[in-house]
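# Close look at the chain arrangement
Listed here are the chains, written in short residue letters.
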Amino acid sequence: MSEIRGLTSLRAIAAFLVFMYHYAWLFPSNAHEGIPDFSVPFMRLWMSGQVGVSIFFVLSGFLITRLYYDRFSAGTGTLRLYFVKRIARIWPLFLVLAVVQHVVLWARGTPPSLDWLVTLTMTQGFFRDLRYSGLPTAWSLTIEESFYAVAPSLYVIIGAFALGRHADIRPWSTATTARFVLALSGAAAALFGCSAVLVYFVQAFGWKFGGFMGDITHVLHATLGGRFAEFGIGVACAFVHRRGRIFCHLDSVRASALAVASALGIALCMWIKGVGGEFVPAWPQYACSYAIAILTGVLILALSQEEARVSRLLSNGLLVYLGRISYGFYLIQLTVIMDPMLRFTDSLGPWRLPALCILMNLVCAGLYELVENPARRGIVARFGGAAVGQA
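Residues numbered from 1 in each chain as written. Predicted model: local features only at pLDDT ≥ 70, side-chain atom pairs only at ≥ 80, totals over all residues. Heavy atoms only, no water.

What follows covers the overall build of the protein chain. Regarding its fold elements, the protein chain presents 16 helices and 0 strands. Rg of the C-alpha trace for the protein chain: 21 Å, near the compact-globule value of 21 Å for 391 residues, within the 12% margin. Counting only C-alpha atoms and orienting by the principal axes, one finds that the protein chain spans roughly 60 × 55 × 50 Å. Surface accessibility of the protein chain: about 18400 Å² in total, with carbon and sulfur atoms responsible for 68%. (Helix = DSSP H or I, 4+ residues; strand = E, 2+ residues; numbered from the N terminus. Rg over C-alpha atoms; globule rule 2.2 N^0.38 Å. Areas by Shrake-Rupley, 256 points an atom, 1.4 Å probe, with all protein chains shown as cover.)

Attention now moves to the packing of aromatic side chains. On inspection of all chains with the given rule, the structure shows 22 aromatic pairs. Seen in terms of ring centroids, Y69 and F239 are 4.7 Å apart; in terms of plane orientation they differ by 70 degrees. Their pairing is edge-to-face. Highlighted residues: Y69 in helix α3 (residues 51-74) and F239 in helix α9 (residues 224-243), separated in sequence by 170 residues. The same class applies to Y69 as to F239, namely buried. Taking the centre distance of 4.5 Å and the plane angle of 15 degrees together, the rings of F147 and F231 count as stacked. Here F147, found in helix α6 (residues 139-163), pairs with F231, found in helix α9; they are 84 residues apart in sequence, far enough to count as distant. (Phe/Tyr/Trp six-rings, centres within 6.5 Å; stacked < 30°, edge-to-face > 60°. Buried < 20%, exposed > 50% of the residue type's maximum accessible area, 1.4 Å probe, protein only.)

The biggest cluster of nonpolar side chains holds 93 residues, and the ones touching the most others in it are F19, F94, F147, I158 and L331. Counting residues per element, this core draws most heavily on α3, which supplies 13 residues. Apart from the residues lying within four places of it in its own chain, the contact partners of F147 are S60, G61, I64, Y155, L224, F228, F231 and V235. (Core = buried A, V, L, I, M, F, W, Y, C linked by side-chain atoms within 4.5 Å. Contact = heavy atoms within 4.5 Å.)

A few words now on the packing of helix α1 (residues 5-26) against helix α13 (residues 317-324). It is at 7 Å that the axes of α1 and α13 come closest, and there the two elements cross at 60 degrees. One finds that α1 runs oblique with respect to α13. Relative to α13, the crossing made by α1 is left-handed. The segment α1 lies against α13, with R5, T8, S9, R11 and A12 engaging G317, L319, V320, L322, G323 and R324. (Axes fitted to C-alpha atoms, helices over the stretch in contact; angles between N-to-C directions. Parallel < 35°, antiparallel > 145°, perpendicular 65-115°, else oblique. Left-handed = near helix turned anticlockwise from the far one by under 90°.)

Take the environment of F62 next. Relative to the elements of secondary structure, F62 occurs in helix α3. By relative accessible area, which is 0% here, F62 ends up buried. Note: C-alpha distance between F62 and G297 (235 residues apart in sequence) is 8.2 Å. With near-sequence residues (within four places) excluded, F62 lies in contact with L7, G234, V235, C237, A238, H241, I300, L301 and S304.

Another aspect to go through is unusual backbone geometry. In this structure, M122 is a non-glycine residue whose phi angle is positive, near 60 degrees. Considering the arrangement of structural elements, one finds M122 in the loop between α5 (114-120) and α6. Phi at L334 is positive, roughly 70 degrees, even though this residue is not glycine. Along the chain, L334 turns up in the loop between α14 (326-331) and α15 (338-345).

The next subject is the packing of helix α4 (residues 79-107) against helix α16 (residues 352-384). α16 packs onto α4 with a crossing angle of 150 degrees between their chain directions and a minimal axis gap of 9 Å. Relative to α16, the element α4 lies roughly antiparallel. For the crossing formed where α4 meets α16, the hand is right-handed. The residues of α16 that touch α4, namely those facing R80, L81, V84, K85, A88, R89, P92, L93, V96 and L97, are L367, V371, E372, A375, R376, I379, V380, F383 and G384. Among the residues forming the contact of α4 with α16, the class breakdown is 13 nonpolar, 1 polar and 5 charged. (Nonpolar A, V, L, I, M, F, W, Y, C, P; charged D, E, K, R; others polar.)

Looking at where R227 falls in the secondary structure, it is placed in helix α9. For R227, the side chain forms a polar contact with the main-chain oxygen of H221, separated by 2.8 Å. (Polar contact = N/O pair within 3.5 Å; in protein donor to acceptor, adjacent residues only side chain to side chain.)

On to a nonpolar patch on the surface. Nonpolar side chains collect at one region of the surface, where V197, L198, Y200, F201, F205 and W207 lie side by side and expose about 640 Å² of accessible area between them. Its location among the elements puts W207 in the loop between α7 (174-205) and α8 (216-222). (Patch = residues over 30% accessible without salt bridge, like charges linked within 9 Å, V, L, I, M, F, W, Y side chains within 5 Å. Salt bridge = Lys/Arg side-chain N within 4 Å of Asp/Glu carboxyl O.)

Let's shift gears to the pattern of salt bridges. The tally for this structure, following the rule as stated, stands at 9 salt bridges. R128 is paired through a salt bridge with D129; the nearest N and O atoms lie 3.1 Å apart. For R128, a relative accessible area of 35% puts it in the partly exposed group. In the salt-bridge network here, residues are joined through shared partners; they are R66, D70 and R242.

Right, let's get into helix α10 (residues 252-273). Its 22 residues place the ends of α10 32 Å apart at the C-alpha level, agreeing with the 32 Å of an ideal helix rising 1.5 Å per residue. For α10, every residue scored as buried is listed here: A255, S256, A259, S262, G265, I266, C269, M270 and K273. For α10, the N-terminal capping position is held by D251, with its side-chain oxygen 3.3 Å away from the main-chain nitrogen of V253. (Expected span 1.5 Å × (residues − 1).)

Here the structure, examined in full by the defined rule, presents 0 disulfides. C288 forms no disulfide, and the closest cysteine sulfur to it belongs to C269, at a distance of 4.2 Å. (Disulfide = S-S within 2.5 Å.)

Turning to the confidence of the model for the protein chain, a few remarks are in order. Residues of the protein chain with pLDDT of at least 70 account for 91%, and the chain-wide mean is 87. Note that pLDDT drops below 50 for residues 386-390; the model gives that stretch 11 contacts with residues more than four away or on any other chain. (pLDDT = per-residue confidence, 0-100.)

Examined against the element boundaries, C194 turns out to sit in helix α7. Separated by 166 residues in the primary sequence, C194 and M360 place their C-alpha atoms 39 Å from one another.

Spelled out as structure tokens, the structure:
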């Protein structure tokens, strides 16, 4: 599957949402210490910007499935190349930034500890008390890693037990659809069940270090056992896209309308989660979280109609490039790399936010060109034995 440029831009939007969430709560200017700056337009929506992580998860489920399901089902994909590409995609930049973060913290008086081993191995998502240590946003990479690990097995299960050999040439029957949904639901239940059993044994044996798999609440929020539904929605959308029949009914005008409607739906859910949180009970907010994941899947399918006006708008070269460097933009948030940029922009008044965004993207462009992209290409060429794609 070739790059869908609108979806690459969607990655930039997701990273920006997470940044605005951090900006609202954790980057107050000197004039508004500890208080979100509501002079920024739509700040009350940005206060729920953590939903950008959910968008990333749905997008990952979609893209990984579209890139690799056909290869594995046709017998042309290899686990070696798959894992080499996944490692090359996320590890080089992570390691560089993690080392910089820890070295600077060491220089500031924080001595090395076992906590560093957790954060440097990208496993911090498994540890409740270390979830935001090291690179604070990297807890979600633990979940991404976990999905990468189980995805090949999931595809085998879907191909062998849900779809069968003729699913590509025959319309899906009710039974086929039911088996497909059952396969995804079973995977979600199995992952959560394994996580729950692990929590039980951790508590039974009294393992305390770092709050490893400390409780069910942590499992639900910070492990694949609790977040698989978001990936599963992306996987389901990938199969809808893969069959291509949706585009018989979704012309460019309808696709644009659907993209706008789903984006507005996501914004409404963000409002309920954020602004409405003071007045709305907890369960509708949880429902909004799943609604955001579903609406993201709808948005992905709408943007996949590349002739649609909205998709063409998001295919702008600058937006696409921001999407390509969005991994770095996501990772550097809340790190020591942000400190000089925050000090520089604190005195810029209303220009603080745009100046901070521009500086961050310039830094991330440098990291992409000098570290992330060359390292990915080099690792795949050296260990994968194949040309680098966009995956």
